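Here are the chains, one letter per residue:
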Amino acid sequence: MTQLVALGAMLDVPVDLNDVAGGNGHLFVRDGVGVAGQGQALCVPASRVSQVLTQVDLLDSVAHPIAIGAIPFRSEQDGDFVIPATTVEKSHDGSTRLTAIGPDKTSAQRTLESSLQQLAGASRQPAASANSFSVAPLTPIDTYLAAVTKARDAVRAGRLTKAVIARDIVVTSDQPIDLHAVLLRLKASFGSSYRYSFRNFVGASPELLVQVDHGTLRSHPLAGTTPRTGDPATDIRMAEELLASEKNQIEHRVVVDMVHDTLLPFCSYLDWEPEPSVVPVANVQHLGTRVEGRLNQDVHCIDLARLLSPTPALGGFPRTEALELIAGCEGMDRGLYGGTIGWCDAAGNGTFAVSIRCALFNDDRTMARLFAGGGIVAESEPYSELAETQAKFQAMLSAIIRP
C-alpha cells in the first residue's frame, strides 16, 4: 500500500470552503463548518478508509488527514472515498486548518506551501454565464405512478410498513454548467443544509444520517414532507397539518425507530425527542426528530453510516422487502442517490448526510440527472406523491437553472 505523510498549518485568513472546492474539488459543509479538498492523495473503498487513515504518518501535531466520499443506495456496493492532497477544515470554534498529504515529506511540504499561497490570494468567483436549459423526465410519469400504486398496495396488504419510490429528471444545458456557481447558489438558499460535492455529485441535504464527535453520537432523521409556499400564514398552517397527519407520523416513526434500534447497541445512553418537530428548508418542510447519545465502544463513524444506510426514509421497512419492491418497479438505478455522503478521520469522527436533494452531472457538465422521492404508506395517493417530488426537485433546479 502507498505510504502517505501529512503536514498541517493553522490559517489566519478568512476562507470560504465553497471557493476551496471550486468546480473540481470535494466539499462537505453546513453553516460554514466542514471540509473541502483539492487533488487526490489516494482513493480507497469505504471498507478500507479507517485502516488507510490510521497509517498516514503525521509529521506535526496540526495535520489532520480526512477522507471524503459516498456510499451508494445499494449499500452492499462499497463506495469510493478520496483522501485529498489538500484539505481545509473549518471547525465550530472558528479555527481553520490546512492539511497537505503526499508520498514523502518533500512532496507534502511543496503542496502545503503552494496551498498557503493560493489561500492567501483573492477568492475565486465563477464567471457570469447565460446558458439555455431544457428539463425532461427520465423515469416516465406513468412508471412512477404505477410504482407508487404498487408500493401502497403492498403496504395495505401488510407486506410492508413503508416503501420509498423515487423518480429522476434530466436538465440539459447548451454550455457547461459551472459547479462552483451551483455550490454558491446552494449556499445562499440552503446554508443550513449539508452541502456536498464529490465527483460530479452535488447536493444540499437537510438530513443528518450520523455524526460522531469524540464519542458523542448524533442523528437527525427526517421523514414526512409538505411544501413551503413563501406565505408565512400558509406555511404555518401546512406545518400544523403535517404534525397532525397520521400518514406522515407513521412514515416518520418507522425511520426514527430504525435509527434508534441500530445505534442503541453502541451507546451507553441514547436520547431522542419524544415528538417530532417541523424542520423548514427553503422549499419544503419535514418532520424531524433529533437523536443523541454517547458511544460505549470503539466504533468508526463510517461503519455506523454503512449500518444505517439506506434508512427507511429512502428505502423502506422492512428493509429487504422494501428494496426488492423498489428494484422491481421503480425502473431506474439510483446510484449514489439515497445513500450517504460525508467525511471521516482516523479516530472515527465524522459526519454523514443522507444523499438527497442532489444531482449527478456528466463529465462535460452539460447534463444533470436529478432525483426525488417520497415515502409510501397505506394512505398515499399517487398524484399527491408526484407533487411532493416536484417540490423536492426545486432545490437543485433553482441552483442549476439561471437565465
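Just so we're clear, the structure is a prediction, and the values are computed from it rather than from any experiment.

S.K.: Explain the pattern of salt bridges to me, and be specific about the residues and the numbers.
M.R.: As enumerated under the stated definition, the model contains 16 salt bridges in all. Here Lys187 ties to Asp16 by a salt bridge, and the two come within 2.7 Å at their closest N and O atoms. Pair noted here: Lys187 is in helix α5 (residues 179–190) and Asp16 is in the loop between β1 (5–11) and α1 (17–21), with a separation of 171 residues, a long-range link. Close ionic contact of Arg253 with Asp257 constitutes a salt bridge, the shortest N to O distance being 3.2 Å. Of this pair, Arg253 and Asp257 are both found in helix α7 (residues 246–263), four residues apart, which corresponds to roughly one turn of the helix. For Arg253, a relative accessible area of 32% translates into the label partly exposed. Judged by relative accessible area, Asp257 falls into the partly exposed class, the value being 34%.

S.K.: Describe the packing of helix α4 (residues 141–156) against helix α10 (residues 382–400), listing the residues and the values that go with them.
M.R.: Packing of α4 against α10 brings their axes to within 9 Å, and their N-to-C directions diverge by 120°. The angle between α4 and α10 falls in the class oblique. Considering the relative orientation of α4 and α10, their crossing is right-handed. On the side of α4, the interface is formed by Ile141, Tyr144, Leu145, Val148, Thr149 and Arg152, while α10 contributes Pro382, Tyr383, Glu385, Leu386 and Thr389.

S.K.: An account of the environment of Leu307 is needed here, citing residue identities and associated values.
M.R.: By secondary structure assignment, the location of Leu307 is in helix α8 (residues 301–308). Overall, the relative accessible area of 41% leaves Leu307 in the partly exposed class. The spacing of Leu307 and Ser75 is 232 residues in sequence and 8.5 Å in space, taken between C-alpha atoms.

Conventions used here
- Residues numbered from 1 in each chain as written.
- Predicted model: local features only at pLDDT ≥ 70, side-chain atom pairs only at ≥ 80, totals over all residues.
- Heavy atoms only, no water.
- Salt bridge = Lys/Arg side-chain N within 4 Å of Asp/Glu carboxyl O.
- Helix = DSSP H or I, 4+ residues; strand = E, 2+ residues; numbered from the N terminus.
- Buried < 20%, exposed > 50% of the residue type's maximum accessible area, 1.4 Å probe, protein only.
- Axes fitted to C-alpha atoms, helices over the stretch in contact; angles between N-to-C directions.
- Parallel < 35°, antiparallel > 145°, perpendicular 65-115°, else oblique.
- Left-handed = near helix turned anticlockwise from the far one by under 90°.
- Contact = heavy atoms within 4.5 Å.

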